Amino acid sequence: MKLRPALAAPLLSLLFTLPGLAEGRLPIPLPELIPIAGDWNGDGYDEIGWHRPGTSLITLCTWSLTDDPEPAPIAPLCQDQSLAAMPQPQIPLAGDWEGDGIDEPGLWNPSTGVLTRFRFENGQLERWDPLSLPTTTSRDWPFVGDWDSDGRDDLGLYTPDTAGYVLHFLDPSSDFEPIRSTYGIPGADWRPIAGTWEISGTDTDRPAFYDPLTATFHFLGSLSGELQPPVIRQIPEGPGLFPLAGAWWSGPDAIGVFDAVDRRIRLYPYAFIPTQRPLITVIVQDPDERPDLSSD
């Protein structure tokens, strides 16, 4: 994710500047890996994946968990997929673009404001239906959620410089106008996510914002954040982490964090228990480090 002085030193030490920054095409420092979450196989539970900025590969991982798993580190079954040649580094995300219960990757180009969505065709990812959206700056950060409960995910854009965000409805037949609001501290590099939090009481996704300096999540109870006070929870993992949201188990969505220092993704069973330790730790491995899980 884009990182500026507000983030902690451990994660900053792993950042690199991508080619093209000198030309002003992508003025966002990115970490070595950017994690995403989605339901890749349609079983109703989210798994994780990650993308290396500046490459054409995305890694999608699956696992099998019960609703009451034992706390343990796991090495999931992962597969690399090609996203075809990309002219410049882009930001990965994932959503149920077609309303079929299966999440598929997408790429957000901050310099052009184009969202490129992908779908599975014969086991491979194929590019389809790029969308051009108005942006505030090339530093807008994307996040995905279903804002109108139609079963198809939409796109939000958060501008850390101003703490403003806009929720776009991607269905071309939708009568909804984009929702604009603000939340957070301008210039503090908070990160947006979205999910069906317990506070909302509905199946409609709501934004949340993560302050990486204090490891604190702010969960909104409405799309605009104005109808009820947010729920604020601090996790015990410390600063410099990258937020995720997903339905790891049955029930409302919960949170996860990616620690770039030890290359672990920690998944929490609930969103609103401040002292809750992560229940599952996913080991991020390079292809040559992964165990052969095909026979399991």
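Keep in mind the model is a prediction, meaning the values are calculated, not measured.

Cut-offs applied
Residues numbered from 1 in each chain as written. Predicted model: local features only at pLDDT ≥ 70, side-chain atom pairs only at ≥ 80, totals over all residues. Heavy atoms only, no water. Helix = DSSP H or I, 4+ residues; strand = E, 2+ residues; numbered from the N terminus. Buried < 20%, exposed > 50% of the residue type's maximum accessible area, 1.4 Å probe, protein only. Contact = heavy atoms within 4.5 Å. Areas by Shrake-Rupley, 256 points an atom, 1.4 Å probe, with all protein chains shown as cover. Phe/Tyr/Trp six-rings, centres within 6.5 Å; stacked < 30°, edge-to-face > 60°. Lys NZ or Arg CZ within 6 Å of the ring centre and 35° of its normal. Core = buried A, V, L, I, M, F, W, Y, C linked by side-chain atoms within 4.5 Å. Pairing = 2+ DSSP bridges. Axes fitted to C-alpha atoms, helices over the stretch in contact; angles between N-to-C directions. pLDDT = per-residue confidence, 0-100. Disulfide = S-S within 2.5 Å. Polar contact = N/O pair within 3.5 Å; in protein donor to acceptor, adjacent residues only side chain to side chain. Salt bridge = Lys/Arg side-chain N within 4 Å of Asp/Glu carboxyl O.

Caption draft 1: Structural view of the overall build of the protein. A count of helical and extended segments in the protein gives one helix and 21 strands. The buried share among the 296 residues of the protein stands at 56%. Put simply, 46% of the contacts in the protein that link residues at least 6 apart link residues at least 24 apart. Of the accessible surface of the protein, which amounts to about 12500 Å², a share of 51% is contributed by carbon and sulfur atoms.

Caption draft 2: Structural detail: the packing of aromatic side chains. Applying the stated criterion to the full structure yields 10 aromatic pairs. Measuring from centroid to centroid gives 5.8 Å for Phe 143 and Trp 147, while their planes differ by 65°, and the two rings are edge-to-face. Take Phe 143: its relative accessible area is 3%, and that puts it in the buried class. Relative to Phe 176, the ring of Phe 169 has its centre 5.0 Å away and its plane inclined at 25°; by these criteria the two rings are stacked. These aromatic residues form a ring-pair network of at least three members: Phe 143, Trp 147, Tyr 158, Tyr 165, Tyr 183, Trp 190 and Phe 209. One Lys or Arg, Arg 117, reaches over the ring of Trp 128 and ends 4.9 Å from the middle of that ring. Directly above the aromatic system of Trp 141 lies the positively charged group of Arg 191, at a separation of 5.3 Å from the ring centroid.

Caption draft 3: Representation of the nonpolar core. Counting residues in hydrophobic clusters, the biggest one holds 35 residues, and the most contacted among them are Ile 48, Trp 108, Leu 155, Trp 248, Ile 265 and Leu 267. Sequence-distant contacts of Ile 265, that is, excluding residues within four places in its chain, are made with Pro 35, Ile 48, Leu 244, Val 257, Phe 258, Ile 280, Thr 281, Val 282 and Val 284. Judged by nonpolar contacts, the second largest core, of 16 residues, contains Ala 215, Phe 217, Phe 219 and Ile 255.

Caption draft 4: Representation of the environment of Gly 256 within the structure. Checked against the element boundaries, Gly 256 lands in strand S19 (residues 254-259). The buried category is assigned to Gly 256, whose relative accessible area is 0%. It is 9.4 Å that separates the C-alpha atoms of Gly 256 and Thr 281, two residues lying 25 residues apart in sequence. With near-sequence residues (within four places) excluded, Gly 256 lies in contact with Phe 217, Phe 242, Pro 243, Leu 244, Trp 248, Arg 266, Leu 267 and Tyr 268.

Caption draft 5: Representation of the sheet that holds strand S7 (residues 104-109). What the four strands build is an open sheet, ordered S6-S7-S8-S9; its pairing is antiparallel. The open sheet has two edge strands with one neighbour each: strand S6 (91-95) and strand S9 (124-132). In this sheet, neighbouring strand axes are inclined to one another by 30° on average, regardless of whether the strands run parallel or antiparallel. Inspection of the sheet shows S6 paired to S7 by five bridges, in the antiparallel sense. Note on S7: the bridge partner recorded for Leu 93 is Gly 106.

Caption draft 6: A look at the confidence of the model for the protein. Residue-level pLDDT values for the protein average 77, and 76% of them are 70 or greater. Considering only residues more than four positions removed or in separate chains, one finds that residues 1-28, a stretch of pLDDT under 50, has 72 contacts. Counting contacts from residues 291-296, a segment whose pLDDT is below 50, to residues more than four positions away or on other chains yields five contacts.

Caption draft 7: Layout of the state of the cysteines. Using the criterion set out here, one finds one disulfide in the structure. Each disulfide pairs two cysteine sulfurs, and for Cys 61 the partner residue is Cys 78, the sulfurs being separated by 2.2 Å. As the torsion about the S-S bond is roughly 105°, the Cys 61-Cys 78 disulfide counts as right-handed. Here the residue Cys 61 occupies a position in strand S3 (residues 57-62), and Cys 78 occupies one in strand S5 (residues 77-82), the gap between them amounting to 17 residues. Both residues of the pair, Cys 61 and Cys 78, belong to the buried class.

Caption draft 8: Spotlight on the side chain of Gln 81. Residue placement: Gln 81 occurs in strand S5. Judged by its relative accessible area of 4%, Gln 81 falls in the buried class. One polar contact links the side chain of Gln 81 to the main-chain amide nitrogen of Leu 125, over a distance of 3.5 Å.

Caption draft 9: Looking closely at the pattern of salt bridges. Tallied over the full model, the rule gives five salt bridges. A salt bridge links Asp 189 to Arg 191; the shortest N-O distance between them is 3.9 Å. A salt bridge links Arg 266 to Asp 259; its shortest N-O distance comes to 3.4 Å. Each of the two residues, Arg 266 as well as Asp 259, counts as buried. Via salt bridges that share partners, Glu 98, Arg 119 and Glu 121 belong to a single interconnected network.

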